[in-house]
Protein chains: 2
Amino acid sequence: MDRKDSVSIRVFSLNCWGVRYLSKHCTQRYAMIGDMLLQEEHDVILLQEVWSEKDYLFLRKKLASSHVHSHYFKSGVFGSGLAIFSKHRIQDTLLYRYSLNGYPYMAHHGDWFGGKAVGLAVVNIGALTANFYLTHLHAEYCRERDAYLPHRVVQAWELQQFIRHTSAGADVVVLGGDLNMHPQDLGNRLLTSYTELRDAYGETDNFDGYEDGLTLILENPFISPKVIAPFQKGIRIDYILFKGSCNANIQCVSMRTTKGSVPGQPFPYSDHEALTAEFTLAPREASGDFRSSSRDCAGGDVARLVDILTEARTEVKVGVHCAERMRYTAARTAAMGLALLLLELAIAAVPWLTMGAEQTFPLTSFYLLVALCLSILLCTSLLYIFYTMELKSLQGTEDQMRLAMGSLQEKLKGFPVAKTPEGPKPGDVLRAEE
Amino acid sequence: MDRKDSVSIRVFSLNCWGVRYLSKHCTQRYAMIGDMLLQEEHDVILLQEVWSEKDYLFLRKKLASSHVHSHYFKSGVFGSGLAIFSKHRIQDTLLYRYSLNGYPYMAHHGDWFGGKAVGLAVVNIGALTANFYLTHLHAEYCRERDAYLPHRVVQAWELQQFIRHTSAGADVVVLGGDLNMHPQDLGNRLLTSYTELRDAYGETDNFDGYEDGLTLILENPFISPKVIAPFQKGIRIDYILFKGSCNANIQCVSMRTTKGSVPGQPFPYSDHEALTAEFTLAPREASGDFRSSSRDCAGGDVARLVDILTEARTEVKVGVHCAERMRYTAARTAAMGLALLLLELAIAAVPWLTMGAEQTFPLTSFYLLVALCLSILLCTSLLYIFYTMELKSLQGTEDQMRLAMGSLQEKLKGFPVAKTPEGPKPGDVLRAEE
């Protein structure tokens, strides 16, 4: 294959904010999104927060002529919210549900019910096999005291694991979605260092969009200024990431985002800005010039990976500690509920045992207390089971991270130059690995 | 690389039946298993139903000198029960939790609490990369009326998906575990047709073990004759499956199973028989002679795949129908509970509204009924959420199967020869795909 085989593709990503009856102007926005997608004719469309299957079916009908192939990833109670539309045939799909995703009793946050996951669609583009991943990680509700940080770090860890393990057969890899992480957040560094995925925003000089590539901005009328207040103009949490392989080269030609409004429309498509990236894909002549394979930990800066992994393990350990404490609290509350129930039964039993003595325990209070104790017992039992499962997932991730650390340290052992204060240069590490 | 690079490895698989305090002679059996494993020095040991982490840690300590590398896959409430021990370095691991795994209220069956999953360990053997998968699917409690069949078919589907998508970078693939499926069961056909994994039992002439390779047998004193009664001498549900790649060849040299007892010991290792397979691994000279890659649906008999997939879709649809019915029943019961509660409150409110009239509703009955109604409401709500999640997973699998069917039909279209009653020969299909 030679250079003339190169193809150009346009990839679109948008968090649609599609909570029926709760998100503002939901139906009108879907109509706007559908019209725009039909007109723009992107090659691959990656949508998040399409919570209702009806909205997916509406878009599928709308795009029936332009995007023949589509898939809606079902998971959790409401679904994963992930939908893909493609002009090229989707050969195969796979869904990986994150093991942790918030708490069911935090119903007002709702993440748990969404069954957050990463979807994979294997798409054939010309002679090339492209793996498209789309995901939506757990939201961050309070940056200063982020109770969900361990869960999001575990999700980022599972996301990078899933991409690494499933992309060995792919010529190019593209990941789009709402990662709910700022560019320098731990989970993001974990993801990009391990997978070697590159950020489309940073990889092109041809950028047209809101400054600094922000995707949650003050100018968007659906955004509460309170949310953005601590971050000046906004935050960047939506991404299109990509990488090539030893078989194919991929380059980001241009990147575009919306800027809080849509010309000629009364309101924007969503509370998030929409991302469009244009790529050029070209088969490689020979595999020799490709820097590394994903199998050997992305071959990147091993020492930097060790640092990031150490940080991630600390965060997961904090999560383990919290889950253990919460499970202990659940068990203690259950024990107290049981003790209260037994005490109450004992008090009620006294007149019965002393035969004929008048029952002093008012019946109303008795039954209310029994109901209260039983409710406490039921709720704390369910919570105990839930926290045990959370603990298992966190500990499992910690185990996997420890194993990964062992592999990295093995690599560092083979590294000939003493570690400088700035850490070894990537080139040195690569030489050591060869 | 040439032929002298070939290596020989021995793989062991056993369902340990390790339910502490419930499984008979659990501690003694683990001691026996540990001694045997230490003596036999298999290259890779794949264990299932190691439900307690303490037992895993006991084995890890015991095998610290012979098997330096190990991993315990954590999941669910009790854990996945999956453990791997290896003489070769485990480079990386990944756990995929099946989306369906029985029902939490079927506590006496217990599968739901186990968090069934498939574990992947990437192991370096010499210059080769071997992907070891170990799994344990949902048990079959009644073959005639198997309520869990749709769940097991979904698990088999997810297992084949996971293996196909994650094994593209592997030189050889080995899967060991208790599949809880007979050799010709739908799930097994789905798994082996899609992945092209070969059964070690059928691939060697050098077999030493119980007749027909059975792994749940009447001679095993831990097995209730009732379980085996419908199947004459026993059933075969534990397997070691394998395949090579375009980079490496793998052959099964010999296969061995225990026969219901262990010489010199008072009882067997488990209620399942233990499997040992010996393989020869050799790098391939060139990739041209390998029949197909897993990326193109294992390149096998496409028409046969269509038949199996049709059968699997039917089974999943039955599951969808059942889940819908159960969810409807939960909703109806919740509505009845609510109606009863409102009726009761109305009756109790009458004397209150007519001021001064005597309360005719006995207090005891009133509170008992309120508690009953609230319990019904709570339980049915939880069940409604659970069945919705089950439905989402089943529908998601059905969608993926429909997509896979589309891909297969595309392939069949390119097939030049009219379909004969016996279906096209694999060779013909391969030619059509080229």
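Residues numbered from 1 in each chain as written. Chains lettered and ligands numbered in written order. Predicted model: local features only at pLDDT ≥ 70, side-chain atom pairs only at ≥ 80, totals over all residues. Heavy atoms only, no water.

**Q** What's the story with the sheet that holds strand β15 (residues 275–283) of chain B in this structure? I'm lost.
**A** In any sheet, the strands associate via hydrogen bonds between backbone groups, in a parallel or an antiparallel arrangement. Residues and elements named next belong to chain B. Sheet architecture is open: seven strands sit in the order β3-β4-β2-β1-β15-β14-β10, paired in mixed fashion. Looking at the sheet topology across the chains shown, the edges are occupied by β3 (69–73) and β10 (207–208). Sheet topology places strand β1 (residues 7–15) next to strand β2 (residues 44–48); five bridges connect them, and they run parallel. Each residue of the ladder has a partner; that of Leu14, found in β2, is Leu47. Of the strands in this sheet, β2, β3 and β4 (82–86) are in contact with helix α2 (residues 53–62), which crosses β3 at around 175°. (Pairing = 2+ DSSP bridges. Helix = DSSP H or I, 4+ residues; strand = E, 2+ residues; numbered from the N terminus. Contact = heavy atoms within 4.5 Å. Axes fitted to C-alpha atoms, helices over the stretch in contact; angles between N-to-C directions.)

**Q** What is the right way to read the pairing of strand β7 (residues 128–136) of chain A from this model?
**A** Along a regular strand, successive side chains alternate from one face of the sheet to the other. All names here are of chain A. Most of β7 sits out of view: nine of its nine residues are buried. Residues Leu128, Ala130, Phe132, Leu134 and His136 line one face of β7 and the alternating positions Thr129, Asn131, Tyr133 and Thr135 line the opposite face, and both faces are buried. As judged from the eight bridges shared by strand β6 (residues 117–125) and β7, these two strands associate in the antiparallel manner. Counterpart to Val118 in the pairing with β7 is Thr135. Taking the residues between adjacent antiparallel strands as the criterion, β6 and β7 are bridged by two residues, where Gly126 takes a positive phi near 60°. (Buried < 20%, exposed > 50% of the residue type's maximum accessible area, 1.4 Å probe, protein only.)

**Q** Can you walk me through the relation of the copies chain B and chain A in this structure?
**A** Here the two chain copies are tied together by a rotation about an axis and a shift along that axis. If you rotate chain B by 180° and push it 0.1 Å along the axis, it lands on chain A with an RMSD of 0.1 Å. Taken together, the rotation and translation describe the operation of a two-fold axis. Considering only C-alpha atoms, the part of chain B nearest the rotation axis is B:Thr166, at 2.2 Å. A shared interface surface links the copies, since 98% of the contact residues of chain B are contact residues in chain A too. (Least-squares fit on C-alpha atoms with pLDDT ≥ 70 in both.)

**Q** Honestly, the pattern of salt bridges in this entry has me stumped. Any pointers?
**A** It is possible for side chains bearing opposite charge to pair when their charged atoms get close. Residue and element names in this part refer to chain A. Scanning the model with the defined rule gives 44 salt bridges over all chains in all. With a closest N to O distance of 3.1 Å, Glu53 and Lys74 form a salt bridge. Separated by 21 residues along the polypeptide, Glu53 in helix α2 (residues 53–62) and Lys74 in the loop between β3 (69–73) and β4 (82–86) bring together distant segments of the chain. You can call Glu53 partly exposed: its relative accessible area is 29%. Lys74 gets classed as buried once you look at its relative accessible area, which sits at 6%. Arg143 is the partner of Asp185 in a salt bridge, and the nearest nitrogen-oxygen pair spans 2.6 Å. (Salt bridge = Lys/Arg side-chain N within 4 Å of Asp/Glu carboxyl O.)

**Q** Help me understand the confidence of the model for chain A, please; the structure alone is not making it clear to me.
**A** Interpretation of the predicted coordinates at a detailed level should be avoided for regions scoring low in pLDDT. All names here are of chain A. Confidence along chain A averages 88 in pLDDT terms, with 90% of residues attaining 70 or more. Throughout residues 291–299 the model reports pLDDT below 50, and contacts reaching past four residues in sequence, or to other chains, amount to 28 contacts. Our summary of model confidence lists the complex with pTM equal to 0.88 and ipTM equal to 0.86. (pLDDT = per-residue confidence, 0-100.)

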